[in-house]
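What follows is each chain in one-letter form.
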Amino acid sequence: MARLLVIGGGIAGTAAALALDKAGQEVAVYEAHPDSAEDIGAFLTLASNGLRALAQLDATPAVTAVGFPLTSMRLLDAAGGEVARAPLGEADDPRLRYRCLRRGELNAALQAEAARRGIGVVHGARLASVESGPEGVTAHFTDGSTATGDLMLGADGLNSTVRRATAPSAQPRYAGQRVFYGYTTLAPAAGEDEAACITMIRGSGAAFGHTTSPDGETYWFARVSADAPLTADEIAHATPTQWRDLLVPLLRADATPAADIVAATTAPVLVTNATEMPPGTPWRSGRTLLIGDAAHAASPATGQGASMALEDAVILAKCLRDAPDTDSALTHYEALRRPRVEHNTTVSGNISRGVHTPPPRAPGNPPPPARPDEELARQLEWTTALR
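This one's a predicted model, so the numbers in the text were calculated from it and none came from an experiment.

Asks: Explain the sheet that holds strand E3 (residues 43-46) here, please?
Replies: Sheets are built from strands that pair by backbone hydrogen bonding, the pairs being arranged parallel or antiparallel. Across the sheet, three strands lie side by side as E3-E7-E4; this open sheet has antiparallel pairing. Of all the strands in the sheet, the pair left with one neighbour each is E3 and strand E4 (68-70). Neighbour-to-neighbour, the strand axes of this sheet turn through a mean angle of 30°, independent of strand direction. Sheet analysis places E3 next to strand E7 (residues 98-102), joined by four bridges and oriented antiparallel. Within E7, the position partnered with Leu46 by the bridge is Arg99.

Next comes the structure, spelled out in C-alpha cells:
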C-alpha cells in the first residue's frame, strides 16, 4: 500500500483523498487554511459529470445535504427576451441533477465526509518546499514539521506551491474577464417558471447569470471583459460598494433583471480575475503530480472547474489501484485526463475572450464529446467502480 500526501484540502484534494481511501490507499491531506470555509463568498454549479464522479465516491448524500438543485437553464438576450430554454442533468437519476452551492459549503461537506471515514486532514499546514528522491517525497511545512510519502499530489489550486516547486516556469495567465459574485434576499421575486432554473443573460456589456434558492436568496455572477486583470491591491482595497456601483450602470444599458439584482445586493461583492493554466503545463515531476486547478485551471465560463476536479479524483484513484506500478498509473492517468481538461480550458477561455472555438482535435485524438457525462463514462469503461 502506497502512502500519498495530498497538499490542499479544497475540492480536488479532499475528493482525491476520498477516492484514494476507497481504492485502498493510505492518504493524508495537508491544508494551509485553518478551516474549510475559504472562498465562502463564491458559488458554483456541479454538473452531471461532477455528480457522477461524486456518486463513485459515495459522497452524494454529504453534498446534496447543502445547496439546491437546478433542473433547467434559460437564456435571455440584452432586450430581456427568452431565446432558449433547456433541461439540466439527467431526469431519470436524481443523483445527477445539477446542484448550486457555495464553494465553502462544498469544501466543508467533503471534509466532513473525509473526517467521518477517518481520513486525516491537517489544517494550518502551509507547504514551504518539496524534497523528492528515489525512496520517497517529503513535504516541508512553514512551521518546521515534515511529512513523507511515496507520492505527493499538488491539489493546492491556481497559485500552487507544489507547482512552483516542481514546474516553476508554468504560470497562470489572465483569460480576459473580471468575474463578480454576489447574493441578495432583496431581488424581485422569481416567477414560478424560474424555480430550480438558472438564467443566463447575454448582455451588451457583461455576461450575467442568476438563480434563486428555495429560501429566496438570489445567487448571481457577472463576467466583464477587460484588457488587464485587477491587481491584488485593487481587490484588497476596494470599498464595500465599489464593485456594485461599477456594475449597476453597465447592466442598466440592457432591459434585463441584472441591474436590479445587483442594486439589491447589500453584502460585499466578491471579485476575481478569470485565470487559466496554459495547455501543456507539466503535471508530473519525480514523485509529485498536480491535479485540479493546480494542473488545469480554466476560466469559469463553462462552469466545469469543480466537476473536473471530482473527475480527476476518481480517475486517478482507479489508475493507481489497477495499474501495475505508480509510473504506469500516472502515465495512464495523464493520457486519459489531459485531452479532456485542456479542451475545457480552451473552450472556457475562448468564451471569456469572445473567440470562436475551432473544431477540436489533435491528430489521433477522439473529438471531445458534446456531453461531459458521456465522456466521463467513456473514461471509466476500462475499469471497475471504486470499492
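There is more to say, and it comes next.
Asks: Teacher, can you tell me more about the layout of surface pockets here?
Replies: Empty space among the atoms becomes visible once a probe the size of a water molecule is rolled across them. Roughly 200 Å³ of internal volume is contained in the second largest pocket. Leu151, Leu320, Asp325, Thr326 and Asp327 are the residues nearest the centre of the second largest pocket, which is lined by 16 residues in total. Here the residues of the lining of the second largest pocket sort into eight nonpolar, three polar and five charged.

Asks: Help me out: how do you make sense of the side chain of Arg338 in this one?
Replies: Relative to the helices and strands, Arg338 resides in helix H11 (residues 326-353). Looking at Arg338, its side chain comes within polar contact range of the main-chain oxygen of Thr281, at 2.9 Å. For Arg338, the side chain forms a polar contact with the side chain of Glu342, separated by 2.6 Å. Excluding anything up to four places from it in sequence, Arg338 contacts Gly280, Thr281, Pro282 and Trp283.

Asks: Any chance you could explain the confidence of the model for the protein chain here in plain terms?
Replies: Close inspection of predicted coordinates is inappropriate in any region flagged by low pLDDT. Confidence in the prediction of the protein chain, expressed as mean pLDDT, is 90, and 89% of residues score 70 or more. Of the regions scoring below 50 in pLDDT, residues 360-378 engages in 22 contacts with residues more than four places distant in sequence or in other chains.

Asks: It is not clear to me how the pattern of salt bridges should be interpreted in this structure. Could you clarify?
Replies: Oppositely charged side chains can pair when the atoms bearing their charge come close. Counted by the stated rule, this structure contains 20 salt bridges. A salt bridge links Arg102 to Glu217; the shortest N-O distance between them is 2.9 Å. In this pair, Arg102 is assigned in strand E7 and Glu217 in the loop between strand E15 (207-212) and strand E16 (218-225), connecting sequence segments 115 residues apart. The two residues Arg102 and Glu217 agree in class, both being buried. Residue Asp245 is joined to Arg244 by a salt bridge in which the shortest nitrogen-to-oxygen separation is 3.6 Å.

Asks: Would you mind going over the environment of Gly149 with me for this structure?
Replies: Its place among the elements puts Gly149 in strand E11 (residues 146-149). C-alpha separation for the pair Gly149 and Leu5, spaced 144 residues apart in sequence, amounts to 6.0 Å. With near-sequence residues (within four places) excluded, Gly149 lies in contact with Arg3, Leu5, Gly136 and Val137.

Asks: Help me out: how do you make sense of the pairing of strand E5 (residues 72-76) in this one?
Replies: Note on strand geometry: in a regular strand, side chains alternate between the two faces of the sheet. Counting buried positions over the five residues of E5 gives four, a clear majority of the element. Once E5 ends, the chain turns through five residues before running back antiparallel as strand E6 (residues 82-87), passing Gly80 with a positive phi of about 90°. Relative to strand E14 (residues 197-202), E5 runs parallel, the two being bridged by five bridges. What sits directly across from Met73, in E14, is Ile198.

Asks: Teacher, can you tell me more about the nonpolar core here?
Replies: For soluble globular proteins, nonpolar side chains are generally found buried alongside one another. Residues Leu46, Leu106, Leu153 and Ile291 are the most contacted members of the largest nonpolar core, which totals 65 residues. A total of eleven residues in this core trace back to one element, the largest contributor, which is helix H10 (residues 305-322). In contact with Leu46, other than residues within four places in its own chain, are Leu51, Val63, Tyr98, Arg99, Leu101, Leu106, Ala306, Ser307 and Leu310. Counting 20 residues, the second-largest nonpolar core is a separate cluster that includes Phe208, Ala258, Ala259 and Val262.

Asks: Any chance you could explain the pairing of E11 here in plain terms?
Replies: Alternating positions in E11 separate cleanly, Ala147 and Gly149 being buried on one face and Thr146 and Thr148 remaining unburied on the opposite face. Strand direction decides the pairing type here: strand E10 (residues 136-141) and E11, joined by four bridges, are antiparallel. Considered in E11, the bridge of Thr138 is made with Thr148.

Asks: Looking at this structure, how should I read the side chain of Gln177?
Replies: With respect to the helices and strands, Gln177 occurs in strand E13 (residues 173-184). Once residues within four sequence positions are removed from consideration, Gln177 is found in contact with Arg223, Val224, Ser225, Ala226, Asn273, Ala274 and Ser352.

Asks: Looking at this structure, how should I read the sheet that holds E10?
Replies: Read from one edge of the open sheet, three strands run E9-E10-E11, paired in antiparallel fashion. Of all strands in the sheet, those with a lone pairing partner are strand E9 (127-133) and E11, marking the two edges. This sheet shows a mean twist of 15° between the axes of neighbouring strands, independent of strand direction.

Parameters and conventions
Residues numbered from 1 in each chain as written. Predicted model: local features only at pLDDT ≥ 70, side-chain atom pairs only at ≥ 80, totals over all residues. Heavy atoms only, no water. Pairing = 2+ DSSP bridges. Helix = DSSP H or I, 4+ residues; strand = E, 2+ residues; numbered from the N terminus. Axes fitted to C-alpha atoms, helices over the stretch in contact; angles between N-to-C directions. 1 Å grid on protein atoms, 1.4 Å probe; cavity = no way out; pocket = protein on both sides within 12 Å on 5 of 7 lines; lining within 4 Å. Points joined across faces, edges and corners; volume = space filled by probe spheres on them. Nonpolar A, V, L, I, M, F, W, Y, C, P; charged D, E, K, R; others polar. Polar contact = N/O pair within 3.5 Å; in protein donor to acceptor, adjacent residues only side chain to side chain. Contact = heavy atoms within 4.5 Å. pLDDT = per-residue confidence, 0-100. Salt bridge = Lys/Arg side-chain N within 4 Å of Asp/Glu carboxyl O. Buried < 20%, exposed > 50% of the residue type's maximum accessible area, 1.4 Å probe, protein only. Core = buried A, V, L, I, M, F, W, Y, C linked by side-chain atoms within 4.5 Å.

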